[in-house]
Amino acid sequence: MSNTKVIVGLGSCGLAAGAGKVYDELFRIREADKLDFELKKTSCIGMCFKEPLVEIIDESGSYMYGEVDIKKADEIVEKHIVNLSPVKEYIVQSDTFESPFKNYFEGQVKIALRNCGFIDPESIEDYEARNGYKAIKKIAEEKISVQDVIKTVLDSGLRGRGGGGFPTGLKWKFANNSTSKIKYIICNADEGDPGAFMDRSILEGDPHSVLEGMIIGAYAIGATEGVIYCRAEYPLAVKRLNIALKQAREKGYLGKDILGIEGFDLDIYVKEGAGAFVCGEETALIASVEGERGMPRKRPPFPAVSGLWKQPTNINNVETYANVPWIIIKGAQAFAKYGTEKSKGTKVFALTGKIKYGGLVEVPMGVSIRDIVYKLGGGITGDKKFKAVQLGGPSGGCIPEYLSDTLVDYDSVTATGAIMGSGGMVVMDETTCMVDIARFFLDFTCKESCGKCTFCRLGTKRMLEILTRITNGEGKEGDIEKLEELAVKIKDGSLCGLGQTAPNPVLTTIKYFRDEYEAHIRDKKCPALNCKKLLTYEVISENCTGCMVCKKNCPSNAIEGEKKQVHFIKQELCIKCGECFTRCKFNAIKVF
Amino acid sequence: MRIERIEKQPEVKELITEQKIDLKLLDPLIKRLSHKKGNLIPLLQGTQDIFGYIPPDALKYISDELGLKMTDMYGVVTFYAQFKLKPVGKYIIRVCHGTACHVQNADKISDDLKTFLEVKDGDTTVDGIFTLESVACLGCCSLAPVMMIGDDTFGKLTGKKAVDVVKEIRRKENLSADENLTKNTISTINLTKVLKAGKKAGN
C-alpha cells in the first residue's frame, strides 16, 4: 500500500454539494484502475464555500482540492495520483505553496474543531490516534480528584458556548455540591438558531470529543446517566453519535467502573428533539426529555439542584464539552492563554450571509469582527458595502459596520446590545433591509414562543404586526416608540431566555439603523430596496431600446409599448416582482 | 405559537374515514417503549415514521394501550413542529428560511414554488406528490438559499432552479405513475377529496 491518502469531506454541507457522488467516483476509479491509494472519509473541513472538498496527502505534502465534481475527480486522479503532478488550478490549500485562501486558515486556532476534517468520525481509532480519550485516561491513571478536574475547568476560564456564557467549572461545582444518588449530565445539541451550524459540524465531524467531554463532566459531578438532546433535523449527527456511543461502550469508555475508576458508572443515550426552538432553554429541554411540551420552568431551583426527573442535572452545550478533553490534557493555562481577560479560549463561528468565504471558523476570543469578515471571510460578496453583522440569532442583534472593531468576547458583544450567542455570524450588505431583518426574527420568535408567558406570547405578536405594517408601507408615527415600549415589557415579563432576548433584534436595529425605520414610516421608502411594497419600478427612457423583453415577461401585463419604442410601466398594475429589472439587458429599468 | 396548525383539523377527520390504517403496526413500537420514562415523544416519532403522519386513531390506540391521556398527547403533538396531523405528499419540500437564506432571498424560492405547485405553505399538491414547507434552518448556511427534498439538499438556488428541480421530480413521478396506475390512483383520489373537503372547511 502506498502512503497516498485521499480524504473526502462528507459533512452535511459537503453531501449537499455532491461530495457523496465524488466519493463513489473515487472509489470506482480506484477499483477499476486498480490504483494504490487509501480512500478515507472525514466530515466538515470548514471551508464550506469550496465544497465538495477532497484532500490528497502524499509524500510531497498535502493538497486540498475545492469544488470537486465527478469530472474534476477523474482529472485529479489522473494527473495527481497517476502522473504525480498536482492540478494547481483546483487547489485551495496546500502546505507546499501559498494558496489564495491562506488567511482563511492562518487566522484560526482550532481547539473545539481540532479533529474536524482530520479524522473519520465513524472511527474511534482515528479519534484515539489524535489524543482521543487521553484526557479521561489521564484522570484515571493519575487519579486526579473530582475537585482538581473542576478546578482545572474553572481556571481555564471556559464559559458556556451555547450563548449564556456561564462559567462551566462553576456549573459543575454546583451540580457536584448537590447530594443525590442519581445525577444526570445532558448535552444540549438542540442547535435551533437560524444561521448557526457549529454544533452540527462538531457532532458530525468529531462526536467522540463531545462524548469524552461529557464523560469527564459526569466524573466531575458524579452523574450516572447522560442524555444528548439532538435536533431531529440533524439526522447525520444522530447517526454518527449512535455509532460513537456503541464504540465507546465496546471500548469501555462507558459502562461500569470506567477505566478502573471505582464506582464511576455511566451510560449515555441520544434523545431526538421534535422541532421546538424553545427546547434550547435548559428547563424546557428537560421538560422535553421527560416527554412533555417543552415549556420552561421557573428557576430557582436550578437544574444543578433539581433538573431531569427532579434530580441534580448539569447541562452544557456541544462546543463546551468538545473543549473539555483538550483542557484536561493541555492544562488550564494553555486554554487561558487565548482570549481576553474575561473570555478565554476560542469560539467557533458559522460565518454566512453576504460573505465571500463562508464556512466554519474557530478564532481566539478577542479578535475583531472586522478581522473575521475581511481577513478570514475575504470581504463582502460582489465587493458591496458592508452594513452589519448579526450575532446570536433571534436572541442577538445587529452590530453595524462602524462598530466592527468590536472584539468578539462575551462582554464587548453584550455591550453593543447583541449577544455572543451560539456562534452564528450572518454578514449583511447594503441590500439587506434592517427593518425586514427585525421582522424576520420576530416572526421566528413569535412562532417559537411556547405561549406560557403572556408578554412573550402576545407581545411578540404585536411587535411583529407593527414591523410587518412598517415593511408594507403602512407605518405610523409613534410606531418606533411603541416597539421600544413593548420590547422592555417583553424582556421584563418573560420567564426564560427566549422572551427575555426576543426583542434584541428590534432594539439593536432601532438603535443603529433608526433612519431606516424612519424612511419606511415617513417617506414610505426602503433604502436597501428590499421591501417590495415600497419599491417603484420605472423605465429609463434614454436606455430603453424597445426590445419588448420586459413586456413579454411581465406577469401582470403592467408594461406597455410598441416594438422599438420606449416602454412604460403602469404603476397601478405593477406588482413589484422585479422581473423587468432582472430581464432588461440595457439597464433601462430603475428601481427606487 | 403555531396556532394555525390546530385550525386545520377537519381535513384529518375526513381522511381517517377513508383510509384504513393498520394500527397493529404500532405494536412493536409500543412494546419497545412501554416501560421507558418520558416515552411519549419517541412514541409519536415512531408513529410518524410508520404512517408518515400521526393519525388521530393512532393516538387513541396508544392512549388505550399505555394509559396516556389523549389531552397530553394532543398537547405534545401540536407543540412540536415535527409532528404532522395530516398526511403529507410523497416528497416533502423544505425551503430553508434561516437567516442566511433569508438575506439571500429565500422568499423568492418559496413564492415561485407556491405559484408553480399551486399550494399554500404547509399544504400538499392535489396529486399528492409534494408537500411544501418553510423551515427555520437546515444548517447548510454556506450554500444559501437551500431547500431539501426528501434527504437531498439543493443549494445556491434561484426561484427558477428550484422550480426546475421540482418539475423534474414530477416528470419522473408521472412516468412511473403510468406504469403503476391502479395503486396511485386510489391514494390520489383519496387525497384529492380530503384536500377539497379541507378547503371547504377552511372557507
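Residue positions within a chain follow its written sequence, with the count starting from 1. To label them, take the chains in the order written and letter them from A, then take the ligands in the order written and number them from 1. Residue-level local features of this predicted model are given only where pLDDT is at least 70; pairs of side-chain atoms are given and counted only at 80 or more, and the full residue set underlies all totals for whole chains, interfaces and linings. Water and hydrogen atoms were dropped before computing side-chain values, which therefore reflect all heavy atoms in the structure.

(A) How the structure looks around the overall build of chain A. The numbering of helices and of strands both runs from the N terminus, where a helix is a DSSP run of H or I of at least 4 residues and a strand a run of E of at least 2. Secondary structure summary: chain A contains 23 helices and 18 strands in total. Against the 2.2 N^0.38 benchmark of 25 Å for 592 residues, chain A shows a C-alpha radius of gyration of 27 Å, consistent with a compact globule. Summarising its shape, the C-alpha atoms of chain A cover approximately 90 × 70 × 40 Å along the three principal directions. Counting all 592 residues of chain A, 60% fall into the buried class. Of all intrachain contacts in chain A linking residues separated by at least 6 positions in sequence, the fraction that spans at least 24 positions is 69%. All accessible areas in this document rest on Shrake-Rupley with a 1.4 Å probe, and a residue is counted as covered only by the protein chains that are shown. For chain A, the accessible area works out to roughly 23,300 Å², and carbon and sulfur atoms hold 51% of it. Asp and Glu count as negative and Lys and Arg as positive, but His and the ends of the chain are not part of the count. Charged groups are reduced to one reference atom each: NZ for lysine, CZ for arginine, CG for aspartic acid, CD for glutamic acid. On chain A, the mean spot of the 80 positive side-chain charges and the mean spot of the 79 negative ones are 4 Å from each other. Only the C-alpha atoms count toward the radius of gyration. The rule for a globule is 2.2 Å times the residue count to the power 0.38. Residue burial is assigned from relative accessible area. The probe radius is 1.4 Å, only protein chains are included, and a residue is buried under 20% of its type maximum, exposed over 50%, and partly exposed in between. Any pair of residues with heavy atoms lying within 4.5 Å of one another is described as a contacting pair.

(B) Broad picture of the layout of surface pockets. All names here are of chain A. Roughly 1,100 Å³ of volume is contained in the second largest pocket. Together, 39 residues line the second largest pocket, and Gly162, Gly164, Gly280, Glu281 and Glu282 are the ones closest to its centre. Listing elements by their share of the lining of the second largest pocket, those giving two or more residues are α8 (168–177), β9 (313–317) and α20 (497–501). The element contributing the most residues to the lining of the second largest pocket is β9, with five residues. Note on residue categories: nonpolar means Ala, Val, Leu, Ile, Met, Phe, Trp, Tyr, Cys or Pro, charged means Asp, Glu, Lys or Arg, and polar means any other residue, Gly included. Residues of the lining of the second largest pocket, tallied by class, amount to twelve nonpolar, 19 polar and eight charged. Put simply, the grid is 1 Å and covers the protein atoms alone, a cavity is a trapped set of points that fit a 1.4 Å probe, a pocket is an open set with protein on both sides within 12 Å along at least five of seven lines, and lining residues have an atom within 4 Å of a point. Grid points are joined across faces, edges and corners, and a volume is the space filled by probe spheres set on the points.

(C) Focus on the packing of aromatic side chains. All names here are of chain A. Note on aromatic pairs: the rings of Phe, Tyr and Trp (six-membered ring only in Trp) are paired at centre separations within 6.5 Å, and the planes decide the class, stacked below 30 degrees, edge-to-face beyond 60, tilted for the rest. As enumerated under the stated definition, the model contains 18 aromatic pairs over all chains in all. Here phenylalanine 101 and tyrosine 357 contribute two aromatic rings whose centre-to-centre distance is 5.0 Å and whose plane-to-plane angle is 85°, an arrangement assigned as edge-to-face. Taken together, the residues span a long stretch of sequence, with phenylalanine 101 in the loop between β5 (91–94) and α4 (102–106) and tyrosine 357 in the loop between β10 (346–353) and β11 (359–364) at a distance of 256 residues. Overall, phenylalanine 101 belongs to the buried group, its relative accessible area being 9%. Taking the relative accessible area as the measure of exposure, tyrosine 357 reaches 23% and is therefore partly exposed. Ring centres 5.6 Å apart and planes at 80° place the aromatic pair tyrosine 104 and phenylalanine 105 in the edge-to-face group.

(D) View of the domain arrangement of chain A. Residue and element names in this part refer to chain A. Residue ranges labeled as domains rest on an automatic or database domain assignment. Domain assignment breaks chain A into domain 1 (5–100), domain 2 (124–335), domain 3 (346–429), domain 4 (434–523) and domain 5 (536–591). Just the C-alpha atoms count here: the centres of domain 1 and domain 2 sit 34 Å apart. Summing both partners gives a buried area of about 570 Å² for domain 1 against domain 2, and 49% of it is carried by carbon and sulfur. Salt bridges are counted wherever a side-chain nitrogen of Lys or Arg sits within 4 Å of a carboxyl oxygen of Asp or Glu. If you look at where domain 1 meets domain 2, you find one salt bridge. Among the ionic pairs, aspartate 126 bridges to lysine 40, the shortest N-O distance being 3.1 Å. Here a polar contact is recorded for every N or O atom pair within 3.5 Å, except that within protein the pair must consist of a potential hydrogen donor and a potential acceptor, and residues adjacent in sequence are included only if both atoms are side-chain atoms. Counting across the domain 1 and domain 2 interface gives five residue pairs in polar contact (both at pLDDT 80 or more). Among the elements that make up the side of domain 1 that touches domain 2, the one with the highest residue count is helix α1 (residues 12–17) (three residues). Its residues placed into classes, the side of domain 1 that touches domain 2 shows five nonpolar, three polar and one charged. Accessible area that two parts lose when put together, with a 1.4 Å probe and added across both, is what the buried area reports.

(E) Fine view of the sheet that holds strand β2 (residues 130–135) of chain B. Residues and elements named next belong to chain B. If DSSP finds at least two bridges between two strands, the strands pair. Spatial ordering of the open sheet is given by β2-β1-β3-β4, a layout of four strands whose pairing is mixed. A strand with exactly one partner marks an edge of an open sheet, and here the two such strands are β2 and β4 (152–154). Averaged over all neighbouring strand pairs, the angle between strand axes comes to 20°, with direction disregarded. Bridge count between strand β1 (residues 91–96) and strand β3 (residues 147–149): three bridges; the pairing is antiparallel. From the neighbouring strand, arginine 94 faces β3, where its bridge partner is methionine 148. Throughout, an axis means a line fitted to C-alpha atoms (over the contacting stretch in the case of helices), and angles, computed between N-to-C directions, take values from 0 to 180 degrees. Across the sheet, helix α8 (residues 106–117) touches β1, β2 and β3, and the angle it forms with β1 is around 150°.

(F) Spatial organisation of unusual backbone geometry. Residues and elements named next belong to chain A. Following glutamate 51, the chain continues to proline 52 via a peptide bond in cis, the omega torsion being -10°. One non-glycine residue, lysine 143, lies in positive phi territory at about 50°. Structurally, lysine 143 is set in the loop between α6 (134–141) and α7 (146–156). Of the residues examined, lysine 143 reaches a relative accessible area of 71% and is grouped as exposed.

(G) Region of interest: the pairing of strand β1 (residues 5–9) of chain A. Residues and elements named next belong to chain A. Burial of β1 is extensive: four of the five residues sit out of reach of the surface. Bridge count for β1 against strand β3 (residues 54–58) is four bridges, and the pairing is antiparallel. The partner of lysine 5 across the bridge, within β3, is isoleucine 57. With five bridges connecting them, β1 and strand β2 (residues 38–42) associate as parallel partners. Opposite isoleucine 7, over in β2, you have lysine 40 as the bridge partner.

(H) Broad picture of the packing of helix α9 (residues 198–205) of chain A against helix α13 (residues 318–330) of chain A. Residue and element names in this part refer to chain A. Relative to each other, α9 and α13 sit at 50°, their axes nearing to 9 Å. Judged by the inter-axis angle, α9 sits oblique to α13. Two secondary-structure elements touch here, α9 through Asp199, Ile202 and Leu203 and α13 through Val318, Glu319 and Ala322. A breakdown of the residues in the contact of α9 with α13 according to their chemical character gives four nonpolar, no polar and two charged. In what follows, roughly perpendicular refers to angles from 65 to 115 degrees, roughly parallel to angles under 35, roughly antiparallel to angles over 145, and oblique to any angle outside these ranges.

(I) Representation of the sheet that holds strand β7 (residues 225–230) of chain A within the structure. Residue and element names in this part refer to chain A. Strand order in this open sheet of four strands is β8-β7-β6-β9, and the pairing throughout is parallel. The strands lining the two open edges of the sheet, one partner per strand, are β8 (267–272) and β9. On average, each strand axis in the sheet is inclined to that of its neighbour by 20°, with strand direction left out of account. Relative to β9, strand β6 (residues 184–189) is paired through five bridges, and the arrangement is parallel. Residue tyrosine 184 lies in a different strand from β9, and its bridge partner there is threonine 313. Helix α11 (residues 235–250) rests against β7 and β8 of the sheet, and its axis sits at about 165° to β8.

(J) Structural detail: the interface of chain A and chain B. The partner chain B presents 35 residues to the 56 residues of chain A that form the contact. Between chain A and chain B the total buried area reaches about 3,300 Å² when both faces are included, carbon and sulfur atoms providing 58% of it. Counting the surface chain A buries against chain B, the share from its top three residues, A:Ala274, A:Arg293 and A:Phe440, is 18%. Taken together, the links from chain A to chain B amount to zero salt bridges. At the junction of chain A with chain B, the criterion picks out 14 residue pairs in polar contact (both at pLDDT 80 or more). Only α1, β8, α12 (282–289), β10, β14 (424–429) and α17 (434–448) of chain A provide two or more residues apiece to the side of chain A that touches chain B. Here the side of chain A that touches chain B gets nine residues from one element, more than from any other, and that element is α17(A). For the side of chain A that touches chain B, the per-class residue count stands at 27 nonpolar, 13 polar and 16 charged.

(K) Spatial organisation of helix α10 (residues 207–221) of chain A. All names here are of chain A. Helix span is expected to be 1.5 Å times the residue number reduced by one. The first and last C-alpha atoms of α10 sit 21 Å apart over 15 residues, in line with the 21 Å expected at 1.5 Å per residue. α10 sits mainly inside the fold: 15 of its 15 residues count as buried. The positive-phi residue at the C-terminal boundary of α10 is glycine 222, with phi of around 85°.

(L) Region of the structure containing the side chain of B:Ser63. Examined against the element boundaries, B:Ser63 turns out to sit in helix α5 (residues 56–66). Contacts of B:Ser63, omitting those with residues within four sequence positions, involve B:Leu68, B:Met70 and B:Met73.

(M) Region of the structure containing the domain arrangement of chain B. In terms of domain boundaries, chain B breaks down into domain 1 (12–79) and domain 2 (91–177). Inter-centroid distance (C-alpha atoms) of domain 1 of chain B to domain 2 of chain B is 29 Å.

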